Amino acid sequence: IEGETLKARLQRGPLSGSEVQHIVESIGAGLAYAHKRNILHRDIKPSNVILENDGGIYLADFGLARIAQGSESTLTSDVVLGTPQYISPEQALGKKDLDNGTDIYSFGVMIYEMTVGRVPFSADTPFSVIHDHIYAPLPMPSDVNPTISSDLERFLLKSLAKDRADRYKDVGDMVATFIEAWRDSTTTTQVKPVSPAMKEPATAPTEKSASAPMTVLQQPAPPVTESQETTFQSAAPRPRKYRWMWVALVVLLSLCCLVVFWATRNRGVAGNAGAQNAATPAVPASTTVDNSAGVQFEAIVLEQVSIEEAQRLKEENPDDPRAGLLLGAVLIEAGEFEDGYSEIHDAADLAAESDQPGLLIGGGRALQERGLWLAAAIMYHRAYERAPVALSPVAENLLETIYFAYQDPRAPQYLEFGDLADSGEYVSLFAQARYTLVNRNPEDAEPLVERLLAEWPQAAEARLLEAELLLAQQQTRQANVVLEQLLTRENIPMWVMNRATELKSQIQ
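Read on for a plain summary of the structure.

### Regarding the packing of aromatic side chains
Aromatic ring pairs are reported here in terms of the distance separating the ring centres and the angle at which the planes meet.
Line of reasoning, step 1. The full count for this structure, using the stated rule, is 13 aromatic pairs.
Line of reasoning, step 2. With 6.4 Å between their ring centres and 25° between their planes, Tyr-403 and Phe-430 make a pair best called stacked. Residue Tyr-403 is found in helix α16 (residues 392–405), and its partner Phe-430 is found in helix α19 (residues 425–439); the two are separated by 27 residues along the sequence.
Line of reasoning, step 3. Under the relative-accessibility criterion, Tyr-403 is labelled buried at 0%.
Line of reasoning, step 4. Chaining the aromatic ring pairs together yields one cluster made of Trp-373, Tyr-403, Phe-404, Tyr-426, Phe-430, Trp-456 and Trp-495.
Line of reasoning, step 5. The ring of Tyr-168 is capped by Lys-158, whose NZ or CZ atom sits 5.2 Å from the centre of that ring.

### Some words on the packing of helix α2 (residues 17–36) against helix α4 (residues 100–116)
Line of reasoning, step 1. Look at α2 against α4: their axes get within 12 Å of each other, and the N-to-C directions meet at 170°. When the axes of α2 and α4 are compared, the pair comes out roughly antiparallel. The residues of α4 that touch α2, namely those facing Val-20, Ile-23, Val-24, Ile-27, Gly-28, Leu-31 and His-35, are Asn-100, Asp-103, Phe-107, Met-110, Ile-111, Met-114 and Thr-115.
Line of reasoning, step 2. For the contact of α2 with α4, a count of residues per class yields 9 nonpolar, 4 polar and 1 charged.

### Thoughts on the nonpolar core
Line of reasoning, step 1. Leu-367, Ile-402, Tyr-406, Phe-430 and Leu-452 are the most contacted members of the largest nonpolar core, which has 67 residues in total.
Line of reasoning, step 2. In terms of residue count, the dominant contributor to this core is helix α15 (residues 373–386) (9 residues).
Line of reasoning, step 3. When neighbours within four sequence positions are excluded, Leu-452 is seen to be in contact with Tyr-426, Leu-429, Phe-430, Ala-433, Pro-457, Ala-462 and Leu-465.
Line of reasoning, step 4. Among the nonpolar cores identified, the runner-up in size contains 43 residues, and Val-24, Phe-107, Val-109 and Ala-123 belong to it.

### A short note on the sheet that holds strand β3 (residues 49–52)
Line of reasoning, step 1. One open sheet holds the 3 strands; their spatial order is β1-β3-β4, and the pairing between them is antiparallel. Whereas interior strands pair on both sides, the edge strands pair on one side only; in this sheet they are β1 (3–5) and β4 (57–59). The sheet shows a mean angle of 20° between the axes of neighbouring strands, taken without regard to direction.
Line of reasoning, step 2. In this sheet, β4 lies alongside β3 in antiparallel orientation, the contact comprising 3 bridges. Following the sheet pairing, Val-49 is matched in β4 by Leu-59.
Line of reasoning, step 3. The sheet contacts of α2 involve β3 and β4, and relative to β4 the element is tilted by about 40°.

### Re the pattern of salt bridges
Line of reasoning, step 1. Evaluated as defined, the whole model comprises 21 salt bridges.
Line of reasoning, step 2. Between Glu-4 and Arg-12 there is a salt bridge; the shortest N-O distance is 2.5 Å.
Line of reasoning, step 3. The partly exposed category is assigned to Glu-4, whose relative accessible area is 24%.
Line of reasoning, step 4. Of the residues examined, Arg-12 reaches a relative accessible area of 58% and is grouped as exposed.

### As for the packing of helix α22 (residues 476–487) against helix α23 (residues 494–507)
Line of reasoning, step 1. Where α22 meets α23, the closest approach of the two axes is 10 Å, and the angle between their N-to-C directions is 145°. Helix-helix and strand crossings are classified by hand; for α22 and α23 the assignment is left-handed. Side by side, α22 and α23 meet where Thr-476, Ala-479, Asn-480, Leu-483, Glu-484, Leu-486 and Leu-487 of the first sit next to Val-496, Met-497, Ala-500, Thr-501, Leu-503, Lys-504 and Ile-507 of the second.
Line of reasoning, step 2. Per-class residue counts for the contact of α22 with α23 are 9 nonpolar, 3 polar and 2 charged.

### A word on unusual backbone geometry
Among all residues except glycine, the phi angle is most often negative; among peptide bonds, the trans geometry is most common.
Line of reasoning, step 1. A positive phi angle is found at Arg-42, which is not glycine, with a value near 75°.
Line of reasoning, step 2. You can see Arg-42 is positioned in the loop between β2 (39–40) and β3.
Line of reasoning, step 3. Not every positive phi belongs to a glycine, and Gln-474 is a case in point at roughly 65°.
Line of reasoning, step 4. Mapping Gln-474 onto the fold places it in the loop between α21 (460–472) and α22.
Line of reasoning, step 5. With a relative accessible area of 66%, Gln-474 lands in the exposed category.

### Topic: helix α14 (residues 357–369)
Line of reasoning, step 1. Between its first and last C-alpha, α14 extends 18 Å over 13 residues, near the 18 Å set by a 1.5 Å rise per residue.
Line of reasoning, step 2. Most of α14 is tucked away, with 12 of its 13 residues classed as buried.
Line of reasoning, step 3. Considered for burial, the residues of α14 that qualify are Pro-357, Gly-358, Leu-359, Leu-360, Ile-361, Gly-362, Gly-363, Gly-364, Arg-365, Ala-366, Leu-367 and Gln-368.
Line of reasoning, step 4. Gly-371 sits one or two residues past α14 and shows a positive phi near 80°.

About the cut-offs
- Residues numbered from 1 in each chain as written.
- Predicted model: local features only at pLDDT ≥ 70, side-chain atom pairs only at ≥ 80, totals over all residues.
- Heavy atoms only, no water.
- Phe/Tyr/Trp six-rings, centres within 6.5 Å; stacked < 30°, edge-to-face > 60°.
- Helix = DSSP H or I, 4+ residues; strand = E, 2+ residues; numbered from the N terminus.
- Buried < 20%, exposed > 50% of the residue type's maximum accessible area, 1.4 Å probe, protein only.
- Lys NZ or Arg CZ within 6 Å of the ring centre and 35° of its normal.
- Axes fitted to C-alpha atoms, helices over the stretch in contact; angles between N-to-C directions.
- Parallel < 35°, antiparallel > 145°, perpendicular 65-115°, else oblique.
- Contact = heavy atoms within 4.5 Å.
- Nonpolar A, V, L, I, M, F, W, Y, C, P; charged D, E, K, R; others polar.
- Core = buried A, V, L, I, M, F, W, Y, C linked by side-chain atoms within 4.5 Å.
- Pairing = 2+ DSSP bridges.
- Salt bridge = Lys/Arg side-chain N within 4 Å of Asp/Glu carboxyl O.
- Left-handed = near helix turned anticlockwise from the far one by under 90°.
- Expected span 1.5 Å × (residues − 1).

Next comes the structure, spelled out in structure tokens:
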């Protein structure tokens, strides 16, 4: 097709009124055609809309499409497919009973972007964006773009309702309502800059990206994006002075106050933001606290202090999870494992009770940087348990920390396999298999690895354990084949690739 994507066209500048109407009518007609044939697209976004040079418009890339109301869910090997900025709340939660409302929501996000001038939710991490699609109130279009008419605003609010039952029943009705509102509108799009870290990926995800199944909670990961490498890199320099702890605390307190003010101010426009799965723990709408607190938390835990200093800080701030986490880290590093891991568990509980997953994620990242794999796994486990949404970096980091943590024979004493089951059967079984392979013998590990491969044949971590098992059984040639296959796959976690490369070099 000779032309460009809608994404490329939007990057060149605002659309004219006639362009917006032509695109909505054309894509709406294509989507309605698919829906009448019981097909869901599941990845509506500007990069999948192609504008032909002669005026034709195509809805492309049905690679994620499936039969509506079929047995297959929105998951491929239990990994969410879709793009964070355009994903529907039910798709992000991994629900199986998807219907036309999923495409209607994503189509509504695209229309919001074309008319308001930006996507409704953008942030520095995929987790934050997906979290907002599920929990945060929709930013009022007229607050972002004052030229938005009341009719157009009502259309957008209905299209992007959190509850599917509150959205348009079909695409035809949706498009007809939009056209009527648009013709009477004097809206002019105002392009707003989007966080560079969350720009839409250039390519759609494929089934090859499925590598971290999380089955029990149905909390799969969003597709790998070009921003994922920088998702959890701390924006703050590593602190060298003890006084920076208190600077961090002051900054965090200020942010909390600001968020409370805005939450109170905007409470009246919450709409359907409170509608959520009954089994889903409540998570606050604000991601500002999550992200900032995570960075500050990471900075605190990276601080190098003595046990005495850490104990004094904990005594002065008994209810602050950061103080407990720092104390736990220095105790573990000093060999006082029982007290150290007890402090880590208490800190994780405090962070979870504050309903800020960013604290757990930031702490996990900092402990991981310190090489405290099991302590980091405890934090990531609680983050995943507390916020059951699509957390690709958390899922990947959780599995990485478990892999290295359970080569220590003491690991199950401080994080039992049964506790890990809260993050999914795959996580618990993966930990048991890794622990048994390293600390017992290949014969005991073999049935565990075989079960992993039988139930999750595409999981990269399971294939890595398969190669290690074959090596332990002196089946070098077969192990080499598994490693070569693993290294030729696309989008496997970087840590899996590094470990597979290391094992292959050992064979050579």
